[in-house]
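Geometric and topological summary
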Amino acid sequence: MVKPTLVTNSIRSLRFANGEMTQADLADRVGVTRQTIIAIEQGKYSPTLEMAFRIARVFRVPLDEAFQYADEQE
Amino acid sequence: MTFLEKSNWVVLVVALPTLLVYVAVVAPQVLGKPIAEVSWVQPMIFAIVGFIVANVLGNVVAAASNPSEADKNDERDREIDHVGERVGNWLIIAGSIAALVLAMTRADHFWIANAIFLGGIAGALLSSVTKIAAYHGSFQRW
C-alpha cells in the first residue's frame, strides 16, 4: 500500500500551461474529487489507466506526456 | 477532505469512546464479582445502539457541512474503502473465531458475547484508522 511508485506525472505543469487550470476544474472535468487530483500530483496515488487517459485527454496530450514511468536502473 | 474521509473520522471518534465507556462500566464488575453476576447485557445494548445512532448523526453533520461533496466519491475513495474494510475484517473474523472456541468450550455467555462485540468494535477502529492513514499517506496500486 505504501511502496513508492515509479510513475511520475506532469499534471501540475500541464495545468499551468492550460490557462492555470485549477485542481478543482481538472477534478470536475475528469470526474473525480479534488483530493484525488492533489494525491496524484503529489505522487501519493497512482490512477487507473482509464483515469490516466481521461486526465491526458483533458490536456489534449498523449498519455506519456502526462505520465512517465522512470527506468528502475536510474 | 472528502465525505468518505470525514465518515471514517466519525467512526473513529464514535467507536473509541464507545469502547472506553463500555470497558469502564463492565471491567470493574468483572474484577469484583463472579462472571454470572456481571451486568453486561444492558451496557452492551447501549453501546451498540449508541454507536449506530452517533455514527448516523455524525454522518448527517458531515454531509450538512458540505452538501455538494456528500455524494461525491471516486475510484481512490472506493479503493481505500476496500483496503480498509479488508484489514478491519480480520479483527471481526478473529472475534468470531474466539467466540466459536468459547462456545465449544462451554464458556459463559459473557465471554462469547464480548468476543464478538470487541472484535466488531476493534475491527471498525482498525478499518477507519487504516483508511485515514491511506488518505494521508501514499496509496499505490501500480
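In short, a report on the structure.

Conventions we followed
Residues numbered from 1 in each chain as written. Chains lettered and ligands numbered in written order. Predicted model: local features only at pLDDT ≥ 70, side-chain atom pairs only at ≥ 80, totals over all residues. Helix = DSSP H or I, 4+ residues; strand = E, 2+ residues; numbered from the N terminus. Rg over C-alpha atoms; globule rule 2.2 N^0.38 Å. Buried ≥ 20, exposed ≤ 12 C-beta atoms within 10 Å, placed from the backbone. Contact = placed C-beta atoms within 7 Å. Axes fitted to C-alpha atoms, helices over the stretch in contact; angles between N-to-C directions. Parallel < 35°, antiparallel > 145°, perpendicular 65-115°, else oblique. Nonpolar A, V, L, I, M, F, W, Y, C, P; charged D, E, K, R; others polar.

Some words on the overall build of chain A
Along its length, chain A carries five helices and two strands. Counting helices and strands in the order they occur from the N terminus, chain A gives β-α-α-α-α-α-β. Taking 2.2 N^0.38 as the reference for a compact globule, 74 residues should give roughly 11 Å; the C-alpha atoms of chain A span a radius of gyration of 12 Å, in line with that estimate. Overall, the C-alpha framework of chain A stretches about 35 × 25 × 20 Å when taken along its three principal axes. Counting the 74 residues in chain A, one finds 24% classified as buried. Within chain A, residue pairs in contact and separated by at least 24 positions form 53% of the contacts whose partners lie at least 6 positions apart.

Some details on the overall build of chain B
The number of helices and strands found in chain B is four helices and zero strands. The secondary structure elements of chain B, listed N-terminal to C-terminal, are α-α-α-α. If you line up chain B on its principal axes, its C-alpha atoms span 50 × 35 × 20 Å. Per-residue burial for chain B yields a buried fraction of 24% across its 142 residues. Sequence-distant contacts, at least 24 apart, represent 79% of the contacts inside chain B between residues at least 6 apart.

Overview of the packing of helix H2 (residues 23–30) of chain A against helix H3 (residues 34–41) of chain A
Residues and elements named next belong to chain A. Closest axis-to-axis distance for the H2/H3 pair is 8 Å, and the angle between their directions is 110°. Taken together, the axis directions place H2 and H3 in an arrangement best described as roughly perpendicular. Contacts between H2 and H3 pair Gln23, Ala24, Leu26 and Ala27 from the former with Arg34, Thr36, Ile37 and Ile38 from the latter. For the contact of H2 with H3, a count of residues per class yields five nonpolar, two polar and one charged.

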